[in-house]
Amino acid sequence: MSQNYYQKEIETMSAEEMKKLQSEKLVKQVKHVYENVPYYRNLMDEKGVKPEDIKGIDDLHKLPFLTKADLRDAYPYGLLAKPLEDCVRIHSTSGTTGKRVVAFYTQNDVDLWEDCCARAITTAGGTKKDVCQVAYGYGLFTGGMGLHGGSHKIGCLTLPMSSGNTERQIQFMTDLGATILCCTPSYAAYIGESLKEQGYKPEDIPLKAGIFGAEPWTEEMRKGIEKTLGIKAYDIYGLTETTGPGVAFECSEQTGMHVNEDHFYAEIIDPDTGEVLPEGSKGELVFTSLDKEAFPLLRYRTRDICVLSRKKCSCGRTLVKMAKPMGRTDDMLIIRGVNVFPSQIETVLLNEGYEPNYQIVVDRVNNNDTFEVNVEMTAEKFTDKLSDIIAMEKSLANAMKVMLGINPSVHLVAPKSIARSEGKAVRVIDKRKLI
Ligand code: DLL
């Protein structure tokens, strides 16, 4: 079987050549960052590291880490390494206290990102003869624009659907013969259910492959989607801070995702000590962008728990593989593809004059995430008039929608009715069993 490479020389490069390439890029990148990003220069100075100390990948461990807190401190321009006039795009992700993480891109950055997405689509069988339906959200979220760019690079006929409006998704998919679907796995499952309800059998659906990511999903879910849509379903990973989707992508072996390590160097560290762990160990995934120009993060701690493997892959790619993320070191939830931190809910409650006594309940019903927030009524706000309670719930839900970008269903409950814990409060009940 042809292995569908987009950039074969890179994807199948020998380990020595790859290390040489990464080392050359790293030396340049550290110099670029040190000279242009005072925030990171200070971190390096504090650690007593100079650009000359970094002679190759083996010296990477000498550099300080960057965390999401640094990104918030430096918001919006503090980590920018190029003049704004050289930047052509921003994308953004939700932050913990309402401050979003803003990532900048030069045209070169967009190009390398789209190449990464093109590698993923090509691996899934995409060619210029394919019709690629992009049903990730377009806009500040990176999913839509990233896969869209990759699809263009290959020359697929690209359907820029964005997410939602499932009726229209199905109409275009069937009328225009979409062969590749890109969206979150939960949306793919939902589209599959809707097609089934409308009487479509897998063999009536023109799709052959799907590229699904942005949230955790299980092997069971993969099997379900593959069966309903009659396709092969490929995982794809990425994060806004490093570009977006395409940092890693799955091949036909479906045993983990190849990291595009010519652009993003991956490390696994002990999240408590920061020590770099050997291949095969479970720990926090850290990325260094080796050649991004505008927003080049060095040793960025993703908070994703993961394992890396250099075991030979049957697809012929030599790129290191990461397992599906196995959880997070923080309390971030991904609900309907959107990153949600409990602290964001807390901020809204305090802004709106409530106490931070709440509980988030997340479940998955018919492949759709449900998202409820139970909030204790305060003594001051207490009323037994139903219409007032409904209005208060609605107003809280609106404020949360503004903060998070997705709509929870809010229930006001009696004061002191949410169980108090003697230790850490149980703020989240996640019934989805995703890991
Ligand atoms: O979710 C980028 C993306 C878009 C990836 C489309 C794949 C497809 P953020 O919104 O910044 O970016 O969220 C990044 O989502 O740190 C992981 O915790 C989680 N995540 C992303 N892909 C996967 C995946 C996009 N395949 C955060 N499996 C990351 C599990 C994933 N978790």
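Definitions and cut-offs
Residues numbered from 1 in each chain as written. Predicted model: local features only at pLDDT ≥ 70, side-chain atom pairs only at ≥ 80, totals over all residues. Heavy atoms only, no water. Near = heavy atom within 4 Å. Polar contact = N/O pair within 3.5 Å; in protein donor to acceptor, adjacent residues only side chain to side chain. Areas by Shrake-Rupley, 256 points an atom, 1.4 Å probe, with all protein chains shown as cover. Helix = DSSP H or I, 4+ residues; strand = E, 2+ residues; numbered from the N terminus. Nonpolar A, V, L, I, M, F, W, Y, C, P; charged D, E, K, R; others polar. Phe/Tyr/Trp six-rings, centres within 6.5 Å; stacked < 30°, edge-to-face > 60°. Buried < 20%, exposed > 50% of the residue type's maximum accessible area, 1.4 Å probe, protein only. Core = buried A, V, L, I, M, F, W, Y, C linked by side-chain atoms within 4.5 Å.

Some thoughts on the site of the ligand
In the vicinity of the ligand, 23 residues are found, and the nearest of them are A214, D235, I236, T240 and D304. At a separation of 2.6 Å, an oxygen atom of the ligand approaches a polar side-chain atom of T240. Relative to its unbound accessible area of 620 Å², the ligand is 97% covered by the protein chains. At the level of secondary structure, the elements contributing two or more residues to the shell around the ligand comprise α6 (142-154) and β7 (232-238). Of the residues assigned to the shell around the ligand, the class counts are eleven nonpolar, seven polar and five charged.

Observations concerning the packing of aromatic side chains
Counted under the stated rule, the structure contains six aromatic pairs. Both rings, one in Y187 and one in Y190, keep their centres 6.3 Å apart while their planes meet at 20°; by these two values the pair is stacked. With a gap of three residues between them, Y187 and Y190 both fall in helix α8 (residues 185-197), about one helical turn apart. Residue classification places Y187 among the buried residues on the basis of a relative accessible area of 12%. Residues Y237 and F287 carry aromatic rings whose centres are separated by 6.2 Å and whose planes lie at 40° to one another, so their mutual orientation is tilted.

Re the nonpolar core
Core analysis: the largest hydrophobic core is formed by 73 residues, its most contacted members being Y40, L63, L147, Y237, L285, F287 and M322. Per element, the largest residue contribution to this core is eight residues, and it comes from helix α5 (residues 107-123). By size, the runner-up hydrophobic cluster in this structure holds 25 residues, among which are Y354, M392, M403 and I406.

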